[in-house]
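Residue-level listing of the chains:
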Amino acid sequence: MREPSRLAVLGAGHVGPVIARLAIKAGYPVAIATSGDPEDIALITELVIPGAQPRWARDAVADADIVVLAIPLHRFLGIDPALLDGKLVVDAMNYWPASDGVLEPFEGRGSSEVVARRLAGSAVVKALNHIGYHELEDRARPAGAPDRKAAGVAGDDPAAVATIAGLLDRIGYDPVRLESLRAGRVLQPGGPVFGVVLTLPEFERAVRQDARSLA
Ligand SMILES: NC(=O)c1ccc[n+]([C@@H]2O[C@H](COP(=O)([O-])OP(=O)(O)OC[C@H]3O[C@@H](n4cnc5c(N)ncnc54)[C@H](OP(=O)(O)O)[C@@H]3O)[C@@H](O)[C@H]2O)c1
């Protein structure tokens with residue numbers, strides 16, 4: 001099977017365009033979509049994400065190998081799981097009750113595990129959720145750079161995790177693989193690596209020291 005390479009980024013708010021820009025720079029063809037008409041984001045896409053193709057979400061997903069969910073979690077609940085069937089889905093979302101409202105299915109749980117249960121026909125990988133959008137772009141460095149930082153990737157499908165580890169590497173981060181979506185709870189809000197940008201050894205140490213990684 002060929003390496004998946006076409007990205008659909010769902011979400012054109014804060015983090016979606018940054019992920020799209022980094023991916024384009026790394027050589028991936030990228031389509032970007034909101035829940036609405038691509039015409040509405042055509043100009044801003046041209047200016048802010050040159051090279052990305054604004055598309056209807058359904059069309060962007062249909063042609064993609066990798067779909068990045070960069071939308072608020074409460075909006076995710078409105079997506080028909082069939083749309084994402086058969087796709088490698090990167091869950092870059094976080095559960096923020098302050099902005100999402102209280103979402104009962106996500107209370108006290110690993111948000112990506114809930115996402116994966118809803119997307120039973122997709123391979124769900126948690127990544128790109130734990131670094132703020134400004135830093136995600138500013139801290140990206142080529143492989144081997146002395147000040148390169150790490151980014152986590154978690155999933156239950158080793159091939160999907162390997163693919164997204166490759167994506168993280170290409171966009172500018174040393175990937176740290178976590179062996180399951182459950183282990184990926186360390187990446188979510190309140191976890192030891194959320195909102196801090198760490199080197200590979202610092203990241204691995206923080207994860208090791210966190211009791212949740214052993215649960
Ligand atoms: N902000 C960060 O630094 C950051 C970093 C990492 C991860 N995250 C996570 O990423 C998610 C998005 O955060 P954000 O700050 O980028 O949000 P945001 O600025 O509010 O942008 C959300 C985007 O999602 C689009 N959208 C909503 N429903 C959609 C759907 N069904 N299909 C396609 N697009 C849809 C919105 O457009 P329409 O409403 O027009 O459809 C909008 O462009 C959150 O879960 C957040 O926790 C954020």
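For the structure, check the block above.
It should be emphasised that the depicted structure is a prediction, and the values quoted were computed from it without experimental measurement.

Conventions we followed
- Once a new chain begins, its residue numbering starts again from 1 and follows that chain's sequence as written.
- At least 70 in pLDDT is required for a residue's local features to be given in this predicted model, at least 80 for side-chain atom pairs to be given and counted, and no such filter applies to totals for whole chains, interfaces and linings, which use all residues.
- Neither water nor hydrogens contribute to the side-chain values; these are computed over all heavy atoms in the structure.
- Elements are defined by DSSP. Helices are runs of H or I of four residues or more, strands are runs of E of two residues or more, and each kind is numbered from the N terminus.
- Values of the radius of gyration come from C-alpha atoms, whereas the globule rule sets the reference at 2.2 Å times the count of residues to the power 0.38.
- Contacts are assigned to residue pairs that have any heavy atoms within 4.5 Å of one another.
- Areas reported as accessible are Shrake-Rupley estimates using a 1.4 Å probe. Residue values count occlusion only from the protein chains shown.
- By the counting scheme adopted, Arg and Lys are positive, Glu and Asp are negative, and His together with the chain ends is not counted.
- Lysine's charge is taken at NZ, arginine's at CZ, aspartate's at CG and glutamate's at CD.
- Nearness of a residue to a molecule or strand requires only that one of the residue's heavy atoms be within 4 Å of it.
- Polar contact criterion, stated in full: a pair of N or O atoms within 3.5 Å, where within protein one must be able to donate a hydrogen and the other to accept it, and residues adjacent in sequence count only if both atoms are side-chain atoms.
- By the convention adopted, Pro, Cys, Tyr, Trp, Phe, Met, Ile, Leu, Val and Ala count as nonpolar, Lys, Arg, Asp and Glu as charged, and the other residues, Gly among them, as polar.
- The rule for pairing is simple: two strands pair if DSSP sees at least two bridges between them.
- Whether a crossover is right-handed depends on one test, that the path from the first strand over the helix to the second runs clockwise when the strands point away from the viewer.
- Only protein chains enter the calculation, and the probe is 1.4 Å; a residue is then buried if its accessible area is under 20% of its type maximum, exposed if over 50%, and partly exposed in between.
- To obtain an axis, a line is fitted to C-alpha atoms, over the contacting stretch when the element is a helix, and the angle between two such axes runs from 0 to 180 degrees between their N-to-C directions.
- Residues belong to one nonpolar core when they are buried, are Ala, Val, Leu, Ile, Met, Phe, Trp, Tyr or Cys, and are joined through side-chain atoms within 4.5 Å.
- Take a side-chain nitrogen of Lys or Arg and a carboxyl oxygen of Asp or Glu: if they are within 4 Å of each other, that pair is a salt bridge.

Across its full length, the protein holds nine helices and eight strands. Its C-alpha radius of gyration of 16 Å places the protein within 12% of the 17 Å reference for a compact globule of 215 residues. The dimensions of the protein, computed from C-alpha atoms along their principal axes, are 45 × 40 × 40 Å. At a minimum sequence separation of 6, the contacts of the protein that also span at least 24 residues come to 62%. Only carbon and sulfur atoms are counted for the fraction: they give 53% of the accessible area of the protein, which is about 10000 Å². Charge centroids of the protein, computed over 23 positive and 27 negative side chains, lie 4 Å from each other.

Within the structure, the ligand sits among 22 residues, and Ala12, His14, Val15, Ser35 and Tyr133 are positioned closest to it. Take alanine 12: an N or O atom from its main chain is 2.9 Å from an oxygen atom of the ligand. Between an oxygen atom of the ligand and a main-chain N or O atom of isoleucine 71, the distance comes to 3.3 Å. Along the lines of polarity and charge, the residues of the shell around the ligand split into 13 nonpolar, eight polar and one charged.

This part takes up the pairing of strand β8 (residues 174–178). Direction of pairing for strand β7 (residues 150–155) relative to β8: parallel, over a ladder of five bridges. Across the sheet, the residue bridging to alanine 151 is proline 175, located in β8. The β-α-β motif built from β7, the intervening helix α8 (residues 158–171) and the parallel element β8 has right-handed crossover chirality.

Extensive coverage of helix α1 (residues 15–25) is indicated by the burial of eight of its eleven residues. Residues Val15, Gly16, Pro17, Val18, Ile19, Ala20, Leu22 and Ala23 constitute the buried set of α1. Taken from the residues just after α1, glycine 27 is the one with a positive phi, measuring 100 degrees.

Locating serine 122 in the fold gives a position in the loop between α6 (111–118) and β6 (123–127). Polar contacts involving the side chain of serine 122 include one to the main-chain carbonyl oxygen of leucine 84, which spans 2.7 Å.

Okay, the sheet that holds strand β4 (residues 66–69) next. Spatial strand order, β3-β2-β1-β4-β5-β6-β7-β8: eight strands in an open sheet with mixed pairing. With one partner strand each, in any of the chains shown, β3 (53–54) and β8 form the two edges of the open sheet. Set on the sheet, α6 makes contact with β5 (88–91) and β6; between it and β6 the angle comes to about 160 degrees. Sheet strands touched by α8: β1 (7–10), β4, β5, β6, β7 and β8. Its angle to β7, the strand with the most contacts, is close to 165 degrees.

Here we take up the nonpolar core. Counting 39 residues, the largest nonpolar core has Leu128, Leu136 and Ile164 as the members making the most contacts within it. For this core, the leading source of residues is α8, giving seven residues. Residue contacts for leucine 136: discarding those within four places in its chain leaves Val15, Val18, Ile19, Leu22, Leu128, Ile131 and Tyr173. Ala57, Val67, Leu69 and Phe106 belong to the second largest nonpolar core, which has 25 residues in total.

All chains considered together, the criterion is met by eight salt bridges. Of the charged contacts in the structure, one is a salt bridge between glutamate 135 and arginine 139, with a shortest N-O distance of 3.8 Å. Judged by its relative accessible area of 30%, glutamate 135 is partly exposed. For arginine 139, a relative accessible area of 29% corresponds to the partly exposed category. One salt bridge connects aspartate 174 with arginine 148, and the closest N-O pair in it is separated by 2.7 Å. Of this pair, aspartate 174 sits in strand β8 while arginine 148 sits in the loop between α7 (133–138) and β7, and the two are 26 residues apart along the sequence. Each of Arg148, Asp169 and Asp174 takes part in salt bridges that share partners, so that together they form one network.

In short, geometric facts, not functional conclusions.
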